[in-house]
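Structure at a glance
The primary structure of each chain is shown beneath.
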There are 6 protein chains.
Amino acid sequence: MPVEITRRANFCAAHRLHSPHLSDEENREVYGACNNLHGHGHNYSLEITVEGEIDPKTGMLINLFELDRIIKHEIVVQVDHRHLNIDVEMLNGVIPTMENMTVVFWSAIENHLPDGVRLKRVALRESEKNSAAYSGPAHEVK
Amino acid sequence: MPVEITRRANFCAAHRLHSPHLSDEENREVYGACNNLHGHGHNYSLEITVEGEIDPKTGMLINLFELDRIIKHEIVVQVDHRHLNIDVEMLNGVIPTMENMTVVFWSAIENHLPDGVRLKRVALRESEKNSAAYSGPAHEVK
Amino acid sequence: MPVEITRRANFCAAHRLHSPHLSDEENREVYGACNNLHGHGHNYSLEITVEGEIDPKTGMLINLFELDRIIKHEIVVQVDHRHLNIDVEMLNGVIPTMENMTVVFWSAIENHLPDGVRLKRVALRESEKNSAAYSGPAHEVK
Amino acid sequence: MPVEITRRANFCAAHRLHSPHLSDEENREVYGACNNLHGHGHNYSLEITVEGEIDPKTGMLINLFELDRIIKHEIVVQVDHRHLNIDVEMLNGVIPTMENMTVVFWSAIENHLPDGVRLKRVALRESEKNSAAYSGPAHEVK
Amino acid sequence: MPVEITRRANFCAAHRLHSPHLSDEENREVYGACNNLHGHGHNYSLEITVEGEIDPKTGMLINLFELDRIIKHEIVVQVDHRHLNIDVEMLNGVIPTMENMTVVFWSAIENHLPDGVRLKRVALRESEKNSAAYSGPAHEVK
Amino acid sequence: MPVEITRRANFCAAHRLHSPHLSDEENREVYGACNNLHGHGHNYSLEITVEGEIDPKTGMLINLFELDRIIKHEIVVQVDHRHLNIDVEMLNGVIPTMENMTVVFWSAIENHLPDGVRLKRVALRESEKNSAAYSGPAHEVK
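Here goes a summary of the coordinates provided. Every chain is numbered independently, its residues counted from 1 as its sequence is written. Both sets of labels track the order of writing: A upward for chains, 1 upward for ligands. Owing to the predicted nature of the model, reporting of local features is limited to residues with pLDDT of at least 70; listing and counting of side-chain atom pairs is limited to 80 or more, with chain, interface and lining totals taken over all residues. Side-chain descriptors were evaluated using all non-hydrogen atoms of the structure, hydrogens and water having been removed beforehand.

**Things to note about the overall build of chain A**
Our working definition: Counting from the N terminus, the helices are the DSSP runs of H or I reaching at least four residues and the strands are the DSSP runs of E reaching at least two. Accessible area is worked out with a 1.4 Å probe on protein chains only. A residue is then buried under 20% of its type maximum, exposed over 50%, and partly exposed in between. Contacts are assigned to residue pairs that have any heavy atoms within 4.5 Å of one another.
When helices and strands are tallied, chain A shows three helices and five strands. From first element to last, N terminus to C terminus, chain A shows the α and β order β-α-β-α-β-α-β-β. Along the longest, intermediate and shortest principal axes, the C-alpha atoms of chain A span 60 × 35 × 25 Å. Counting over 142 residues, chain A shows a buried share of 60%. The contacts of chain A with a sequence gap of at least 6 include a subset with a gap of at least 24, amounting to 68%.

**Considerations on the state of the cysteines**
The condition that has to hold: Two cysteine sulfurs form what is called a disulfide whenever their separation falls within 2.5 Å.
One pass over the full model with this rule turns up zero disulfides over all chains. Free cysteine C12(B): the closest other cysteine sulfur is in C34(C), separated by 6.8 Å.

**Some points on the relation of the copies chain F and chain E**
Our working definition: A residue counts toward the fit only if its pLDDT is at least 70 in both copies, and the copies are then superposed by least squares on the C-alpha atoms of those residues.
For these two chains of identical sequence, chain F goes onto chain E by a turn of 120° and a shift of 0.0 Å along the axis, with RMSD 0.0 Å. Look at the turn and shift together and you get a three-fold axis relating the two.

**Points about the interface of chain F and chain E**
Threshold: Within this document, salt bridges are pairs made up of a side-chain nitrogen of Lys or Arg and a carboxyl oxygen of Asp or Glu, the two lying within 4 Å of each other. Two N or O atoms count as a polar contact when they lie within 3.5 Å, although within protein this holds only if one can serve as hydrogen donor and the other as acceptor, and sequence-adjacent residues are included solely when both atoms are side-chain atoms. Following the grouping adopted for this structure description, the nonpolar residues are Ala, Val, Leu, Ile, Met, Phe, Trp, Tyr, Cys and Pro, the charged ones are Asp, Glu, Lys and Arg, and the polar ones are all others, Gly among them. Two strands qualify as a pair provided that DSSP identifies no fewer than 2 bridges between them.
In this assembly, 26 residues from chain F lie in contact with 24 residues from chain E. With a shortest N-O distance of 3.4 Å, E4(E) and R121(F) are connected by a salt bridge. Applying the counting criterion to the chain F and chain E interface returns eleven residue pairs in polar contact (both at pLDDT 80 or more). Where the side of chain F that touches chain E is concerned, the elements lending two or more residues are α1 (24-31), α3 (98-109), β4 (118-125) and β5 (130-134) of chain F. The residue inventory of the side of chain F that touches chain E, partitioned by class, reads ten nonpolar, ten polar and six charged. As paired elements, strand β1 (residues 2-15) of chain E and β5(F) share five bridges and run antiparallel to each other. Of the residues in β5(F), the one forming a bridge with I5(E) is A132(F).

**Details of helix α2 (residues 64-79) of chain A**
The test is simple: Expected helix span is given by 1.5 Å per residue-to-residue step, counting one fewer step than there are residues. Fitting one axis to the seven residues ending at a residue and another to the seven starting there, the bend at that residue is the angle between the two axes.
Taking 1.5 Å of rise per residue, the 16 residues of α2(A) would be expected to cover 22 Å, and the 21 Å separating its terminal C-alpha atoms lies within 8% of that figure. In α2(A), a bend of some 45° at K72(A) exceeds every other bend along the element. For α2(A), every residue scored as buried is listed here: L64(A), L67(A), D68(A), I70(A), I71(A), E74(A), I75(A), V76(A) and V79(A). Structurally, α2(A) contributes buried residues whose contacts are with β1 (2-15), β2 (40-53), β3 (82-83) and α3 (98-109) of chain A together with α3 (98-109) and β5 (130-134) of chain D. Among the residues of α2(A), the N-terminal cap falls to N63(A), whose side-chain oxygen and the backbone nitrogen of F65(A) are separated by 3.0 Å. Once α2(A) ends, the next one or two residues include H81(A), with phi positive near 60°.

**Re the pattern of salt bridges**
For the coordinates displayed, the defined rule picks out 42 salt bridges over all chains. Between D68(B) and R7(B) there is a salt bridge whose closest N-O contact spans 3.1 Å. With D68(B) in helix α2 (residues 64-79) and R7(B) in strand β1 (residues 2-15), the pair connects residues that are 61 residues apart, well separated along the chain. Neither D68(B) nor R7(B) differs from the other in exposure class; each is buried. Here the salt bridges do not stand alone but share partners, grouping E4(A), E51(A), K120(A) and R121(D) into one network.

**A short note on the side chain of N27(E)**
Residues and elements named next belong to chain E. Residue position: N27 is located in helix α1 (residues 24-31). Residue class for N27 comes out buried when judged on its relative accessible area of 0%. Not counting residues up to four positions away in its chain, the partners in contact with N27 are H18, S19, L22, G32 and N35.

**Quick notes on the packing of aromatic side chains**
We apply this condition: Two rings belonging to Phe, Tyr or Trp (six-membered ring only in the last case) form a pair when the distance between their centres is within 6.5 Å. Interplanar angles under 30 degrees mark stacking, angles over 60 mark edge-to-face geometry, and anything in between is tilted.
Under the definition given, this model contains 18 aromatic pairs over all chains. Note on F11(D) and F105(D): the rings are 6.2 Å apart at their centroids and 80° apart in plane angle, and the pair reads as edge-to-face. Separated by 94 residues along the polypeptide, F11(D) in strand β1 (residues 2-15) and F105(D) in helix α3 bring together distant segments of the chain. Just as F11(D) is buried, F105(D) falls in that class too. When the ring of F11(E) is compared with that of Y44(E), the centres are 4.9 Å apart and the planes differ by 15°; the resulting orientation is stacked. Of this pair, F11(E) sits in strand β1 while Y44(E) sits in strand β2 (residues 40-53), and the two are 33 residues apart along the sequence.

Everything listed here is a matter of geometry and, on its own, says nothing about what the molecule does.
Have a look at this one:
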């Protein structure tokens with residue numbers, strides 16, 4: 001009986017959208033206010049979904065304390081209250097769009113899950129209106 | 001690396017559930033209070049999900065300004081602050097249930113997305129408790 | 001020990017903002033899209049706050065079942081799934097703005113509360129961004 | 001045109017996480033504060049998603065009144081304002097984790113849906129940060 | 001320039017509404033399902049509001065880390081993941097209604113605030129629809 | 001009949017908490033992670049509450065389009081997608097705590113309201129758990 005569990009974590013961070021592949025003018029045109037030189041910021045909401053079988057001994061797919069510890073250790077402590085373009089090693093050289101961040105966060109935790117627990121989805125919300133999700137490289141696009 | 005982006009838009013509208021294929025008595029029985037002659041209304045929350053590859057030059061699947069412009073232009077300006085049974089051309093002859101509206105809204109935007117960006121899901125919420133979603137005609141039901 | 005209790009109720013309704021004291025052109029100018037001839041609608045969230053002393057026998061200011069019954073009977077059943085300009089007797093001749101509705105709803109329930117329970121505040125939310133509140137005629141404006 | 005409808009229902013209940021397959025010490029270690037002898041509790045939010053074709057006569061996949069009646073009758077009245085470990089027959093012998101509860105709730109309603117309406121997903125949220133979902137035994141894990 | 005700061009904390013707990021001043025039959029009548037013998041539970045949301053002057057040196061009324069520490073230490077660790085009728089010393093002999101809990105929580109923290117910071121309001125929400133608030137014994141009811 | 005209207009606006013911004021009156025070590029101790037050199041950020045939610053009498057001709061205290069225009073023009077366009085310590089003239093020399101920001105925002109709009117409409121409260125939320133409010137210098141602290 002395959003089930004899934006989703007754990008949410010919050011962090012707040014500053015970032016600036018600016019691409020080295022574009023001229024300054026193109027950057028302003030593409031990113032608009034998000035290209036502001038000194039950055040802006042968000043309260044990010046991160047949802048990690050894992051899937052697998054229920055352990056009949058505990059009734060759990062994964063201990064939520066453990067899942068929370070992995071998310072906090074591998075992602076949250078590195079990005080919370082930071083400037084994403086400057087302070088975060090795993091985002092080095094990455095334009096910190098929601099799309100890129102979901103892919104980086106997937107890599108950050110996929111190998112830290114216990115046996116039998118598969119990473120299913122990394123979803124990141126940066127505002128009431130905008131969110132992104134990544135379901136892994138093996139996830140075939142229909 | 002296929003990712004998905006979801007953009008939310010809100011609109012408020014009046015509507016009445018009433019089917020031309022049913023008698024007045026059947027309409028009252030099927031739709032209950034939603035069949036009220038002069039209509040009622042909702043704050044609708046519309047979520048459009050698109051999928052595709054990240055453009056390495058911008059770190060984006062689609063520019064959110066552009067996605068928002070498409071949703072606003074093709075859907076929101078036509079339904080916001082309107083009576084869905086009377087004022088909206090694309091809902092002409094359509095019973096404005098959430099189910100029908102998701103299908104109509106899918107058609108309204110599927111051909112307006114840029115190359116490489118596929119429409120994945122149209123979700124419509126009409127209250128804290130009720131929502132519907134449509135994933136397209138090609139979406140095979142399991 | 002004076003405490004307060006707030007009970008929330010939801011209803012969805014259609015309405016049109018149109019004043020008999022204004023010309024058609026003035027109505028369009030003042031109310032904009034809210035003046036649309038066939039109306040639009042909202043999910044309204046209504047919060048009724050009452051205050052008074054805790055009954056030491058029950059630990060309650062008012063039985064929430066009773067407060068809910070009063071709100072449902074005096075307000076919700078009359079406005080839910082209705083057109084506020086046409087179908088609701090207590091709003092007869094009233095422009096159904098949030099401001100006017102809070103005052104009318106105050107009158108609708110103030111005399112139905114049990115002894116020792118005072119109505120403190122009627123708050124009405126029509127969208128994520130807009131709300132109004134009325135604290136009664138005896139409430140002195142600072 | 002296959003669509004899906006999601007209906008949400010709320011209930012509040014007490015529970016204790018304690019496994020008969022573990023020693024008292026193991027129970028404390030695995031479940032932490034959730035193993036507290038006299039239990040704790042939650043406001044649960046339950047989302048039932050069904051899928052199928054729109055009935056062109058009504059514009060609906062399923063009458064929401066009927067879906068709500070099924071959820072209330074088969075699940076909510078049995079768990080609302082109860083202690084899940086003691087008072088609920090369908091959870092007899094089941095450790096009331098979110099994972100187990102989604103599977104039990106799936107069984108409780110899957111045979112009560114009208115013809116042509118398939119159960120797609122049972123999702124249960126026990127807090128702002130934790131939720132689980134079950135998509136049925138036939139749902140192949142990727 | 002008097003400002004106010006509100007800090008929210010969450011906890012989940014079981015409770016049973018049952019008064020020693022009432023017969024079993026009266027208890028069932030007054031509290032309904034909340035009188036269930038083995039209890040039920042909630043995710044409680046607690047909001048503590050304090051007021052005072054801004055310290056020009058720090059721009060703060062009170063350090064939020066300190067306010068959070070006080071709320072956690074004096075209230076949350078004592079009630080979180082507990083049965084409020086059995087496990088919580090400060091609620092000993094108190095019927096755990098929202099009303100009574102706001103008064104007890106007021107007493108629990110009012111003397112722990114730094115000089116110049118006054119407790120203004122303790123608000124407790126037990127569900128989407130129900131909340132209570134206490135503004136202190138010195139708060140004159142209008 | 002005095003009523004109040006509340007309009008919400010959102011903005012996202014970066015900021016750093018750092019006081020010129022404190023040493024670097026004191027800054028780190030007082031503000032913790034909020035003192036991070038390159039800043040962090042938030043989705044801010046700003047609620048402006050005004051009060052006054054209902055205009056019987058329109059049924060409104062203030063036209064919400066006008067209130068929204070004032071909030072956007074006097075506050076939002078100046079802070080949205082900016083770094084509050086660097087890019088915002090009205091916050092020049094101000095430590096951008098929630099407390100200080102509510103006072104500055106009060107000053108920014110209090111003289112822009114139409115006759116008969118009084119500013120009642122400026123509330124600023126920077127996260128799910130933290131908010132501040134300012135009710136003006138004339139507001140006597142109880």
